[in-house]
Amino acid sequence: MGNEREFSRGLDSILAGKDVRPEELADGDIRATLGFARRITTLRVEPTPEFKSSLKARLLQKLNEQESARAANNGWLLSLLQRPAYAAVAAVLVIAVVFGSLWASGVFVTTPEATVLKVEAATDQTTYQTGETVRIQVSLKNVTGEELNFNEFPPILSLMKKDNNQAAYTFAAGTDTKSLAPDETTTFVLLWNQRDAFGKQAVSGSYYIELEDLYYQGNTVKLTLDKPVEFIII
Amino acid sequence: MLLISYLIMDSDESNPDNAALFTQLYDEFMPKVFRYIIYWVNDKHTTEDLTSAVFEKALVKFKTFNVAKATFGTWIIAIARNTVIDYFRRNKRYETDLDQALDIIDGDDSPDERIIKAEELRKLRLCMERLSAPEKEIISLKFGGELTNRAISRELRLSESNVGVIVFRAVRKLRDCIGWQNG
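Below, the structure is looked at part by part. Small disclaimer: the values here were computed from a predicted structure and weren't measured. (Residues numbered from 1 in each chain as written. Chains lettered and ligands numbered in written order. Predicted model: local features only at pLDDT ≥ 70, side-chain atom pairs only at ≥ 80, totals over all residues. Heavy atoms only, no water.)

### With respect to the overall build of chain B
Our working definition: Runs of E in the DSSP output that reach at least two residues are strands. Runs of H or I that reach at least four are helices, and both are numbered from the N terminus. Here's how the labels work: a residue is buried when its accessible area is under 20% of the maximum for its type, exposed when over 50%, partly exposed in between, all with a 1.4 Å probe on protein chains only. Here a residue-residue contact requires only that any non-hydrogen atoms of the pair lie within 4.5 Å. Only the protein chains shown count as cover for residues, and all accessible areas are computed by the Shrake-Rupley method using a 1.4 Å probe.
A count of helices and strands for chain B gives nine helices and zero strands. By residue count, 54% of the 183 residues in chain B fall in the buried class. Intrachain contacts of chain B at a sequence separation of at least 6 include 62% that bridge at least 24 residues. Per element, the accessible surface of chain B, about 8300 Å² overall, is 52% carbon and sulfur.

### Some points on the interface of chain A and chain B
Convention followed: The term buried area denotes the loss of accessible surface (1.4 Å probe radius) that occurs when two parts are joined, taken as the sum for both partners. Any Lys or Arg side-chain nitrogen found within 4 Å of a carboxyl oxygen on Asp or Glu counts as a salt bridge. Polarity classes work like this: nonpolar for Ala, Val, Leu, Ile, Met, Phe, Trp, Tyr, Cys and Pro, charged for Asp, Glu, Lys and Arg, and polar for all others, with Gly in that last group.
Residue-level contacts link 51 residues of chain A with 59 residues of chain B. When chain A packs against chain B, close to 5200 Å² is buried across both sides, 64% of that on carbon and sulfur atoms. Counting across the interface, chain A meets chain B through nine salt bridges. Between A:Arg39 and B:Glu120 there is a salt bridge, with the nearest N and O atoms lying 3.2 Å from each other. Of all the secondary structure elements, the ones that give two or more residues to the side of chain A that touches chain B are α1 (2–15), α2 (28–42), α3 (49–81), β5 (157–161) and β6 (166–171) of chain A. The element best represented in the side of chain A that touches chain B is α3(A), accounting for 13 residues. The residue makeup of the side of chain A that touches chain B, split by class, is 24 nonpolar, twelve polar and 15 charged.

### Brief notes about the nonpolar core
Quick note on the threshold: Nonpolar core, defined: a set of buried Ala, Val, Leu, Ile, Met, Phe, Trp, Tyr and Cys residues in which side-chain atoms within 4.5 Å join the residues together.
By size, the foremost hydrophobic cluster in this structure holds 69 residues, and its most contacted members are A:Phe7, B:Ile37, B:Ile76, B:Leu124, B:Phe143 and B:Val171. Per-element tally for this core: the top contributor is helix α2 (residues 17–41) of chain B, with 14 residues. Dropping the residues within four chain positions of it, B:Ile76 is found in contact with B:Phe29, B:Val33, B:Val54, B:Phe55 and B:Ala58. If you look at the next biggest cluster of nonpolar residues, it comprises 32 residues, including A:Leu148, A:Phe150, A:Phe188 and A:Leu211.

### With respect to unusual backbone geometry
Backbone geometry places A:Asp183, a non-glycine residue, at a positive phi of 70°. You can see A:Asp183 is positioned in the loop between β7 (176–180) and β8 (185–192). Classification of A:Asp183 as exposed rests on a relative accessible area of 55%. The backbone of B:Glu146 shows a phi angle near 55°, a positive value even though the residue is not glycine. Tracing the chain through its elements places B:Glu146 in the loop between α7 (133–144) and α8 (149–156). Relative accessible area serves as the criterion here: at 21%, B:Glu146 is assigned to the partly exposed category.

### A word on the packing of aromatic side chains
Quick note on the threshold: Aromatic pairing here means that ring centres of Phe, Tyr or Trp (its six-membered ring) are within 6.5 Å. Orientation follows from the plane angle: under 30 degrees is stacked, over 60 is edge-to-face, and everything else is tilted. The rule for a charge over a ring is simple: NZ of Lys or CZ of Arg within 6 Å of the ring centre, and within 35 degrees of the ring normal.
For the structure shown, the criterion picks out eleven aromatic pairs over all chains. Considering the side-chain rings of A:Trp192 and A:Tyr207, the 5.8 Å spacing of their centres and the 65° angle between planes classify their relative orientation as edge-to-face. Taken as a pair, A:Trp192 in strand β8 and A:Tyr207 in strand β9 (residues 205–211) lie far apart in primary sequence, 15 residues in all. The exposure class of A:Trp192 is buried, given its relative accessible area of 1%. With 5.4 Å between their ring centres and 70° between their planes, B:Tyr26 and B:Phe55 make a pair best called edge-to-face. Note that B:Tyr26 is positioned in helix α2 and B:Phe55 in helix α3 (residues 44–61), a separation of 29 residues in sequence. Here the two residues B:Tyr26 and B:Phe55 agree in accessibility, since each one is buried. Ring pairing ties together the aromatic residues A:Tyr128, A:Trp192, A:Tyr207 and A:Phe231, which thus form one cluster. If you follow A:Lys161 out to its NZ or CZ, it ends over the ring of A:Tyr207, 5.5 Å from the centre.

### Quick notes on α8(B)
By the criterion of burial, α8(B) is predominantly enclosed, with six of the eight residues buried. Among the residues of α8(B), those classed as buried are B:Asn149, B:Ala151, B:Ile152, B:Ser153, B:Glu155 and B:Leu156.

### Topic: the environment of A:Gln137
Residues and elements named next belong to chain A. Stated precisely, the cut-off is as follows: For this analysis, a polar contact is any N or O atom pair within 3.5 Å, provided that within protein one partner can donate a hydrogen and the other can accept it, and provided that sequence-adjacent residues contribute only side-chain to side-chain pairs.
Assignment of secondary structure puts Gln137 in strand β3 (residues 134–142). In sequence terms Gln137 and Ala121 are 16 residues apart; their C-alpha atoms lie 5.5 Å from each other. Polar side-chain contacts of Gln137 include one of 3.4 Å to the side chain of Arg135.

### What to know about the state of the cysteines
Residue and element names in this part refer to chain B. What counts, and what does not: Cysteine sulfur pairs qualify as disulfides if the two atoms are within 2.5 Å.
In total, this model carries one disulfide over all chains according to the counting rule given. A sulfur-sulfur distance of 2.0 Å marks the disulfide that ties Cys127 to Cys177. Because the sign of the S-S torsion sets the handedness, a value of about -80° for the bond joining Cys127 and Cys177 places this disulfide among the left-handed ones. One end of the pair, Cys127, is in helix α6 (residues 111–129); the other, Cys177, is in helix α9 (residues 160–182), with 50 residues separating them in the sequence. Across the pair, exposure class does not vary: Cys127 and Cys177 are buried alike.

By themselves, these figures tell us nothing about what the structure is for.
Written as structure tokens, this is what we have:
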């Protein structure tokens, strides 16, 4: 493990453009590998100056158009807010609303450190033939006494290979907003065709399910499965 | 600093600093996005198209960028990664044209140097194709996107030490592969 750490430090220095002398390292394997890593960096392909400048010009023009459109939409409000008296009133109102919302949300009383969601998952089978669709059902139950609102729902879910703990496939987070009343349960289903992000069939072996955290009121809500879910591809 | 800059860009539509901030981020990260993509598609024109698509998406999605969750570099490379995945899904192919190596080498090198570099690049790409998908992914994130091991570990949901081990072993594999070819 020490070798990899020394190599990583050296590589990060090379990528940061620092003067690294692999030839001064004692370990021959790291010396040669780091020297080769430096060689790879000299072979990296750079965008042409023409492409750089033409894309930049195009994007700046788009940025301009976006801002003009927004400014046109908000123009009347902005011009009002630019008057000192209105601006002061608006600032007081914003502070009152923010403070009131925080108070109402209970953020001054408790922090949602305790269990927020009860998470259960299951696959429709425990063993799958190669290529067979894996059906994963996940349910989340609000175990707090207040309504919860999550963005980016459903959460990120990864299918992890058990022997190396690497993700064989990751379902991206959804873009929905989800509200859950106290004691309410929501369920979603994902289907996995046993292929990785590049369309390659996953190898046979044991897999388990892992869920990424959700965000709620600026805090991370850990999605820990009540019981681990595993399945096998044969 | 980036958070402050982001708030300025998000909140004040008429702020002339928006263009300056955008230019600063573009100049720093566009080459990284380009280099990351070209590791996968090996074609200059496709890489240019996909790089353009990444920054156009970034311009539209900038409001969703959350500095508490990721740095701008990690965020933009994540968009690049998804763009590449979408590209391969759409095109239903996963092969690369290795003969384009000479075409994608530009710059100030002499013709002889270009030929040598192109040959080395061709060998490197051949050897890259022999890496596993996760190894290739990590090498392109490291050498193309210039992400730290920690950022890669978050993006790929691996431990940081695991990423370090994979980078080291993958570079060693490439070294051995090219050494074997030269020998």
